[in-house]
Amino acid sequence: MIYPSSRAVAVMAIGAPVALLIGLIHPSYWVAGAAWVLLVLALCLADAVLGAPRDRVALELEAPGALPTAGAAPMRLSVAFERRPPPIAEVAAHVNARLSLTAERIAARVRAGQARAQFELTPVRRGEGEIEKIWARWRGPFGLVWKQVSQTPHRIVPITPNVGAVKDEAIKLFARDAMFGIKAQLETGDGSEFHALRELAPGMDKRAIDWKQSARHGKLLAKEFRTERNHPVIFAIDTGRLMCEPLLGVPRIDRAINAALLMAFVSLKLGDRVGFYGFDVRPRLFSGAVGGAHAFPFLQRLAARLDYSTEETNYTLALTQLGAALERRALIVIFTDFADTTSAELMLENVGRLIKRHLVLFVIFRDEELEAIRGREPTDPEAVSRAVTAEALLRERDVVIARLTRLGAHIVDAPAASVGPALLSAYIDLKKRDLL
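Since the structure is predicted, the reported quantities are computational estimates derived from the model, not experimental observations. (Residues numbered from 1 in each chain as written. Predicted model: local features only at pLDDT ≥ 70, side-chain atom pairs only at ≥ 80, totals over all residues. Heavy atoms only, no water.)

Draft legend 1. Quick look at the packing of aromatic side chains. The full count for this structure, using the stated rule, is seven aromatic pairs. One aromatic cluster in this structure is built from Tyr277, Phe279, Phe286 and Tyr315. Note that Arg126 overlies the ring of Tyr308, its terminal NZ or CZ placed 4.9 Å from the centroid. Just above the ring of Trp146 sits the side chain of Arg137; from NZ or CZ to the centre is 3.8 Å. (Phe/Tyr/Trp six-rings, centres within 6.5 Å; stacked < 30°, edge-to-face > 60°. Lys NZ or Arg CZ within 6 Å of the ring centre and 35° of its normal.)

Quick look at the structure:
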């Protein structure tokens, strides 16, 4: 794109009254106005021809692979001129509503045929941020025209919960509880992984002694075991209306994703395979199970695709399809919420079907707001009514939890701020008890 600059408009605006005045004083010189316009147009054309050619300009974008919700990262734009570089080039970018930029455009000095500018990308909310379009423009040698190039990179920048602050704690938990030889059992095929034989030492479990090998070698030998690996762990996250409502100022779904990513980090370190499944009125995302520590950034990008929804959750469709997609026994971690026993009926029915084949870990966010209303001292009739309503809702919640427990589901019921550590502890406990 080539268009006149403000300087060309100013020159045209200054010359037009002068030409009009000359025409009024000397009518025979009326052609002066037309000559002035032609002169300015000729100068603009020469400026466009002499400026850096648009087809010899390369526009490059450097953007972060992902962003945490509580952080910011630089985004760099560079413009390379192959011929006749200008002294200054302006660059600009446009992002979607989930990202913000510190500046709309930046003027950068061209050195050695290249101009570089740095923007600061700041996340506005969790999800998929997108860099939709980038521009670069420069003036010709006379400064009368702008020449512009643009690209539509559609670069996706996943905005994920900030798990960096608690990742160290997860690593410590992994190092403490996933130690080599944590389980000692005689059977090696059903739930524990045999590693090697070693001579019995003080403090070792006597039940680990292999009597046959001890008799063969003439000394007491015990079996060493290591943590089981390669179990599929599927995080089924409800993205429906109730999960998108805030709890202590943060949407429940964001808290669920944060806790799921923490447990996924530890699961990958322990050698298990992790997958994400998102659903509301219908299934939205299913990644399958992936393994290896290198898969964690991939899971972060997947978590960013779990968007907020205003739809009611269809448990029958979602959990039935999840059960059909899993070919072997898996640990299914379900994050959802329910308002009362009536709305939870379909959920209970379908969770019961999953429990027949899989190990289900059900995560419930303790509603501290309702507990605070129930525990607050009533000072007027309205406060009494609120406390009674809160007590009824919490009682129905306890009924659903009790029914889930009777079905065989394992429950994590913790305050919103500590769901992540509570989930990790429950996961490690399941592995210790050889339930996976």
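Draft legend 2. Structural detail: the pairing of strand E14 (residues 232-238). Most of E14 sits out of view: seven of its seven residues are buried. By the alternation rule, side chains of E14 split into Pro232, Ile234, Ala236 and Asp238 and Val233, Phe235 and Ile237, which are all buried. Pairing of E14 with strand E17 (residues 273-279), which is carried by seven bridges, proceeds in the parallel orientation. Across the sheet, the residue bridging to Pro232 is Arg273, located in E17. In this sheet, strand E19 (residues 331-335) lies alongside E14 in parallel orientation, the contact comprising five bridges. Paired with Val233 across the two strands is Leu331, which belongs to E19. (Buried < 20%, exposed > 50% of the residue type's maximum accessible area, 1.4 Å probe, protein only. Helix = DSSP H or I, 4+ residues; strand = E, 2+ residues; numbered from the N terminus. Pairing = 2+ DSSP bridges.)

Draft legend 3. Structural context of the pattern of salt bridges. Taken as a whole, this structure holds 17 salt bridges when the rule is applied. The salt bridge partner of Arg397 is Asp337, with a shortest N-O separation of 3.4 Å. Linking Arg397 in helix H11 (residues 381-407) with Asp337 in the loop between E19 and helix H9 (341-355), this pair joins segments that are 60 residues apart in sequence. Overall, the relative accessible area of 9% leaves Arg397 in the buried class. Close ionic contact of Glu345 with Arg403 constitutes a salt bridge, the shortest N to O distance being 2.7 Å. Placement of Glu345 in helix H9 and of Arg403 in helix H11 is noted, with a sequence separation of 58 residues between them. On the basis of relative accessibility, which here comes to 36%, the residue Glu345 falls in the partly exposed class. A cluster of three or more residues bridged by salt bridges with shared partners is formed by Arg252, Asp337, Asp367 and Arg397. (Salt bridge = Lys/Arg side-chain N within 4 Å of Asp/Glu carboxyl O.)

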